[in-house]
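Tertiary structure, described
This is what each chain is made of:
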Amino acid sequence: MNAKTKEAKCNCHGNVDEEVEGLRKVVLVGSPNVGKSVIFGNLTGKYVTVSNYPGTTVEVTRGRAVIGHAEFGVIDTPGMYSFLPITEEERVARRVLMGENPDVIVHVADAKNIERMLHLTLQLLEAGLPVILDLNLMDEAGGLGMKIDLDVLRKALKIPVVATIATEKKGMDLLKETISGYEKHVSRVPLRYDGLIESAIKGIEEGLEGSYGISKRAVALLLLQDDPEIKGMIREREKDGGVAVYKIAEEAGRGFSQPLNYVITLARQAFITKLVEGAATIEISRRTDLKERLSQLMMHPLTGIPFLLLSIYALYEFVGVFGAQVSVDFLERRVFGEYINPFVTGVVTSIIPWKVVQDLFVNEYGIITLGVRYAVAIILPVVATFFIAFSIIEDTGYLPRLAMLLDRIFKKIGLNGRAVIPVVLGFGCDTMATMVTRTLETRRERVIATLLLSLAIPCSAQVGVILALLSGNVKALAIFIIVMTSVFLFVGFLSARLMPGERPLFYMEVPPLRWPKLSNVFTKTYTRVEWYFKEVFPLFILASVLIWAGKLTGLFDIIVNVLSYPVKWIGLPEEAATAFLYGFFRRDFGAAGLYDLKNAGILDGIPLVVSIITLALFMPCIAQLSITIKERGVKMAVGMAAFIFPFAFFVGFVVNLILNGLGVTL
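All of these numbers come straight from a predicted model, not from anything done at the bench.

1. A look at the overall build of the protein chain
When helices and strands are tallied, the protein chain shows 28 helices and eight strands. Compactness check: the protein chain gives a C-alpha radius of gyration of 28 Å against a globular reference of 26 Å for 666 residues, within 12% of the reference. Counting only C-alpha atoms and orienting by the principal axes, one finds that the protein chain spans roughly 85 × 60 × 55 Å. Considering the protein chain as a whole, with its 666 residues, one finds that 56% of them fall into the buried category.

The structure is reproduced here in structure tokens:
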């Protein structure tokens, strides 16, 4: 066990990543939302984000686990429905299987949907991979009246089959024992296709000389199904560029009236149907339970919209009132205003005689009196309450139902209901949400979603501060919501019309509704708050230091002076330019600056609403810009930023013009 250890990395979802080179590798694969990440946590003892909706895992996560008497590297992959990928997350998962040379693959499958799950099992076997089938969620299958004979599956598939309820750690000992005792071998594929297809497979296998990390039979099947990535690999790795095997595949395709992908899928389905008939029995209940009725109400347009509004109101009361008003008022005015700031200022001024050094720590822009106060007293209560609320929503399984509800609207802006997941996640953290756009099927969807996240989706900290700024002013809050929603829909609609590309299809597995688990909510909130202190808090300190240095050199005043022109152009007092400068570091930092201006009586009425709208549309934070560059490329990220900055001020200008023109009083 000589693999070197490196420091675990974490992100805003609290996930970890460890070096596993040199260890025997266990790869977890399976459809989205079947419990792979829960099993990863059970095996490694490391927490990764677990939610009741598909698309939570969009990156490969690695951890170490002692199983039996040996140490293994455990790899958690994004969800994949098929070995023939459609989404980017499926491509990432398949590349892991083809490139990591795993010693054991645990196919985590949803027991209650066993018939659909076994397609991937068959494809893994056809790929010559060492597979253990883990039927997870056995409690939910049992709740539906399902009984599954594991021995029938073992005999038919000739692989180990275990049953687990990962959330309760039931069956985990048997799974570990099976992994520990697994001897790597190639199982015989139990399925044979039509004679013409088998003949083509044999011909392609004989014609392939390159190495692909999977069996040549699987490569042949993927070529017959017209997989573009496999075709590219064959072109690169075969001496004749794959001309001979392409010809075999084309001739085989001409022998059928339907596409070969359809014919092959039908053959697998026929085999699986027969297998499941012998392995599973279902006692169908005609009774629709309360959860099912509630689920249907959430997705129906007539009842789903009121349910959504009710959820938003509950979120407002908890985050906007309790978090952003009651908690912020206590921490900002009482704790910092009456105790911490006066005490620290007294100490610093008594031991440091030079005012220029005093200003680094205290006074108007000091690290403690500005940076720490903003981060702890204004932003932390907001993000903490939002993290609690969002963890509860995630655990219930409401998000996929919201996706079903809003699918029709999202199709108007070039997206589909699946994009609801990253958009809603954006209200928590736009950076993570930008990564989750990988789950969208087409490049066009990913670009549109990234643009909308950068422009019109304020993160949790911003939302909380905005709610605090507009508290008690229903008319102002309504204007803010109307303008932001209009910008979101207008820019999305325009992007969909101007951007060429494939129209999106929509499919999404709807998980059962569940009561949120207190331990899961606590763990998620804790890891996210930990991430906040590790990743965001230092940025507030850095911003304070840069502002102090800028004041010292005069650069700060120059930039504020330059910003004061567009600020005054949209009808704001020139003091607001300081808050917009803060917004370059983080938009929530800028929102906290507006909070100070309002408390000082400088900002109110129409200028307050205009400033909030403009800042909410302002530049994405540094972390979000970095991940946009990583996901969409430098050219696309710079292009989006170049559009967003002037567009934000343009919208502010128009809103100011309309409100004053109509004589609106706020």
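2. Considerations on helix α24 (residues 576–585)
Of all 10 residues making up α24, nine are buried, and the element is well covered by its neighbours. Burial in α24 covers these residues: Ala576, Ala577, Thr578, Ala579, Phe580, Leu581, Tyr582, Gly583 and Phe585.

3. Comments concerning the nonpolar core
Ile379, Leu402, Leu470, Val487, Tyr532, Phe580 and Leu617 are the most contacted members of the largest nonpolar core, which totals 117 residues. The element contributing the most residues to this core is helix α15 (residues 367–396), with 13 residues. If we ignore the near neighbours within four places in the chain, the residues touching Tyr532 are Ala375, Ile379, Leu380, Val383, Phe537 and Phe540. Val34, Val245, Val276 and Ala279 belong to the second largest nonpolar core, which has 88 residues in total.

4. Remarks on the sheet that holds strand β5 (residues 131–136)
What the six strands build is an open sheet, ordered β2-β3-β1-β4-β5-β7; its pairing is mixed. The sheet terminates laterally at β2 (61–67) and β7 (161–163), the two strands that pair on one side only. The average undirected angle you get between the axes of adjacent strands in this sheet is 25 degrees. Where strand β4 (residues 104–110) and β5 come together, six bridges link them in parallel fashion. For Ala109, the partnering residue across the bridge sits in β5 and is Leu135. Running over the sheet, helix α3 (residues 114–126) touches β1 (24–29), β4 and β5 and is turned about 165 degrees from β4. Helix-sheet contacts for helix α6 (residues 172–180) involve β1, β2, β3 (70–76), β4, β5 and β7, and the interaxial angle to β5 is about 175 degrees.

5. Brief notes about the pairing of β2
Remember that side chains alternate between the two faces of the sheet whenever the strand is regular. In terms of burial, β2 is a largely internal element, five of the seven residues being buried. Sheet topology places β2 next to β3; seven bridges connect them, and they run antiparallel. Counterpart to Arg62 in the pairing with β3 is Ile75.

6. A word on a nonpolar patch on the surface
Side chains of Leu555, Ile558, Ile559 and Val562 sit close together on the surface and give an oily, nonpolar patch of about 360 Å² of accessible area. Tracing the sequence through the fold places Leu555 in helix α23 (residues 555–569).

7. Section: the packing of helix α27 (residues 622–632) against helix α28 (residues 634–661)
It is the contact of α27 with α28, at a shortest axis distance of 7 Å, that shows an interaxial angle of 135 degrees. Comparing the axis directions of α27 and α28 gives the class oblique. Across the interface between the two elements, Leu625, Thr628, Ile629 and Arg632 from α27 touch Val634, Met636, Ala637 and Met640 from α28. Residues of the contact of α27 with α28, tallied by class, amount to six nonpolar, one polar and one charged.

8. Description of the pattern of salt bridges
Side-chain pairs of opposite charge can arise where the charged atoms are in close proximity. Taken as a whole, this structure holds 29 salt bridges when the rule is applied. For Asp407, the salt bridge identified is with Lys411, shortest N-O distance 2.7 Å. Pair noted here: Asp407 and Lys411 are both in helix α16 (residues 398–412), with a separation of four residues, about one helical turn. Taking the relative accessible area as the measure of exposure, Lys411 reaches 39% and is therefore partly exposed. For Lys551, the salt bridge goes to Asp557, with nearest N and O atoms at 3.5 Å. Take Asp557: its relative accessible area is 41%, and that puts it in the partly exposed class. Several salt bridges converge on common partners, so that one network encompasses Arg94, Arg95, Asp227 and Glu229.

9. Looking at the packing of helix α13 (residues 301–351) against α16
Running from N to C, α13 and α16 cross one another at 130 degrees; their axes reach a closest spacing of 10 Å. With respect to α16, the element α13 is oriented oblique. As α13 runs across α16, the sense of the crossing is left-handed. On α16, the residues that touch Pro301, Gly304, Ile305, Phe307, Leu308 and Ser311 of α13 are Tyr398, Leu402 and Leu405. Looking at side-chain class alone, the contact of α13 with α16 contains seven nonpolar, two polar and no charged residues.

10. Some remarks on the side chain of Thr437
Structurally, the position occupied by Thr437 is in the loop between α18 (430–436) and α19 (443–456). What makes Thr437 buried here is its relative accessible area of 0%. A polar contact is formed between the side chain of Thr437 and the backbone oxygen of Thr434, at a distance of 2.5 Å. Within polar-contact distance, the side chain of Thr437 engages the side chain of Arg632 at 3.1 Å. Those residues within four positions of Thr437 in sequence are excluded, and the remaining contacts are Pro422, Arg446, Ala449, Thr450, Leu453 and Arg632.

Here is what the cut-offs are and how they apply
- As a convention, each chain's residues are numbered from 1 in the sequence order in which they are written.
- Where totals are concerned, whole chains, interfaces and linings use all residues; where local detail is concerned, this predicted model gives features only for residues with pLDDT of at least 70, and gives and counts side-chain atom pairs only at 80 or more.
- As a rule here, side-chain values come from all non-hydrogen atoms in the structure, and water together with hydrogens is ignored.
- Secondary structure is summarised from DSSP: a helix means a run of H or I of at least four residues, a strand means a run of E of at least two, and numbering begins at the N terminus for each.
- Each radius of gyration reported is based on C-alpha atoms, and the globular scaling rule is 2.2 Å times the count of residues to the power 0.38.
- Accessibility here uses a 1.4 Å probe with only protein chains present; expressed as a share of the type maximum, an area under 20% marks a residue as buried, one over 50% as exposed, and anything in between as partly exposed.
- The nonpolar core is taken to be a set of buried Ala, Val, Leu, Ile, Met, Phe, Trp, Tyr and Cys residues, with the residues joined through side-chain atoms within 4.5 Å.
- Between two residues, a contact is recorded if the distance between any of their heavy atoms is within 4.5 Å.
- Being paired, for any two strands, means DSSP has found at least two bridges between them.
- Lines fitted to the C-alpha atoms define the axes, with helices restricted to the stretch that makes contact. Angles between their N-to-C directions range from 0 to 180 degrees.
- Exposure above 30% relative accessible area and no salt bridge define the residues that can form patches, which grow by joining like charges within 9 Å and nonpolar side chains of Val, Leu, Ile, Met, Phe, Trp and Tyr within 5 Å.
- All accessible-area figures derive from a Shrake-Rupley calculation using a 1.4 Å probe, and residue coverage is judged against the displayed protein chains alone.
- Whenever a carboxyl oxygen of Asp or Glu lies within 4 Å of a side-chain nitrogen of Lys or Arg, that contact is scored as a salt bridge.
- For classification purposes, an angle smaller than 35 degrees is called roughly parallel, one larger than 145 roughly antiparallel, one from 65 to 115 roughly perpendicular, and anything else oblique.
- Under the scheme applied, nonpolar residues are Ala, Val, Leu, Ile, Met, Phe, Trp, Tyr, Cys and Pro; charged residues are Asp, Glu, Lys and Arg; polar residues are all the others, including Gly.
- Two helices that cross are described as forming a left-handed crossing if the nearer one is turned anticlockwise from the farther one by less than a right angle, and a right-handed crossing if clockwise.
- In protein, a polar contact means a hydrogen-donor-capable atom and an acceptor-capable atom, both N or O and within 3.5 Å, with residues adjacent in sequence counting only if both atoms are side-chain atoms; elsewhere, any N or O pair within 3.5 Å suffices.

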